[in-house]
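Letter by letter, the chains look like this.
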Amino acid sequence: MVRVNRMLLRDGGVGICKTLSEILVCPLSKQPLRVCEKSNSLISDAISVSYSIVDGIPCLVPNDGKIIEADDTLKPDGAIDSLDRKREGQGDSP
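On a predicted model such as this, the values are computed, not experimentally measured, just so you know.

Enquirer: Please set out the pairing of strand 3 (residues 49-54) residue by residue, giving values where relevant.
Expert: Looking at chain direction, strand 2 (residues 41-44) and strand 3 are connected through 4 bridges and run antiparallel. Following the sheet pairing, serine 44 is matched in strand 3 by valine 49. In this structure, the hairpin formed by strand 2 and strand 3 is closed by a connection of 4 residues, where serine 48 is found at a positive phi of approximately 55 degrees. As judged from the 2 bridges shared by strand 3 and strand 5 (residues 66-67), these two strands associate in the antiparallel manner. Looking at the pairing, serine 50 lines up with lysine 66 of strand 5.

If you want it as structure tokens, here you go:
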């Protein structure tokens, strides 16, 4: 058990370990979280909430989550949400 903990915390000051980020899920939606290195946070794309990472430790208390505005949400490559589909559809109508 000690080996696992050391492995998970070895990159403590530099964001979050990849192994740990693959295990964590959003405490509200129970969906996977993705790491945003730009804002040093974990993002729940399901409900557009950001959880900060402080000293390599993710703050996953639901009250600490910050709601992300629709325009500020950074989506993974190739991901399109319903807002993007509506915008695309509006430009095609005569």
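Enquirer: Give me the side chain of arginine 34: which residues, what numbers.
Expert: Assignment of secondary structure puts arginine 34 in strand 1 (residues 34-36). Of note is the side chain of arginine 34, whose polar atom sits 2.8 Å from the side chain of aspartate 45.

Enquirer: Describe the nonpolar core, with residues and values.
Expert: One finds Ile16, Cys17, Leu20, Leu24, Cys26, Leu33, Leu42, Val49, Tyr51 and Ile53 forming the largest nonpolar core, which totals 10 residues. The leading source of residues in this core is strand 3, at 3 residues. With residues up to four places along the chain from it excluded, the contact list for leucine 33 reads Ser21, Leu24, Val25, Cys26, Leu42, Ile43, Ser44, Tyr51 and Leu60.

Enquirer: Go over the pattern of salt bridges with me, naming the residues and quoting the values.
Expert: Tallying each qualifying case throughout the model produces 1 salt bridge. Residues aspartate 45 and arginine 34 are paired through a salt bridge, measuring 2.8 Å at the closest nitrogen-oxygen approach. Linking aspartate 45 in the loop between strand 2 and strand 3 with arginine 34 in strand 1, this pair joins segments that are 11 residues apart in sequence. Using a relative accessible area of 35% as the deciding quantity, one classes aspartate 45 as partly exposed. Using a relative accessible area of 19% as the deciding quantity, one classes arginine 34 as buried.

Enquirer: Mind laying out the confidence of the model for the protein chain, listing which residues take part and the relevant values?
Expert: Summary statistics for the protein chain give a mean pLDDT of 74 and a share of 59% for residues scoring 70 or more. Confidence drops under pLDDT 50 across residues 6-13; counting only partners more than four residues distant or on other chains, this segment forms 8 contacts. The low-confidence segment residues 78-87 (pLDDT under 50) makes 6 contacts with residues lying over four places distant or belonging to another chain.

Enquirer: Tell me about unusual backbone geometry, and please be specific about residues and values.
Expert: Of note in the backbone geometry, lysine 30 takes a positive phi value of approximately 65 degrees without being a glycine. Note on placement: lysine 30 falls in the loop between helix 2 (18-23) and strand 1. Taking relative accessible area as the criterion, lysine 30 reaches 54% and is therefore assigned exposed. Backbone geometry at aspartate 55 places phi at a positive 55 degrees, although glycine is not the residue there. Topologically, aspartate 55 is positioned in the loop between strand 3 and strand 4 (57-58).

Parameters and conventions
- Residues numbered from 1 in each chain as written.
- Predicted model: local features only at pLDDT ≥ 70, side-chain atom pairs only at ≥ 80, totals over all residues.
- Heavy atoms only, no water.
- Pairing = 2+ DSSP bridges.
- Helix = DSSP H or I, 4+ residues; strand = E, 2+ residues; numbered from the N terminus.
- Polar contact = N/O pair within 3.5 Å; in protein donor to acceptor, adjacent residues only side chain to side chain.
- Core = buried A, V, L, I, M, F, W, Y, C linked by side-chain atoms within 4.5 Å.
- Buried < 20%, exposed > 50% of the residue type's maximum accessible area, 1.4 Å probe, protein only.
- Contact = heavy atoms within 4.5 Å.
- Salt bridge = Lys/Arg side-chain N within 4 Å of Asp/Glu carboxyl O.
- pLDDT = per-residue confidence, 0-100.

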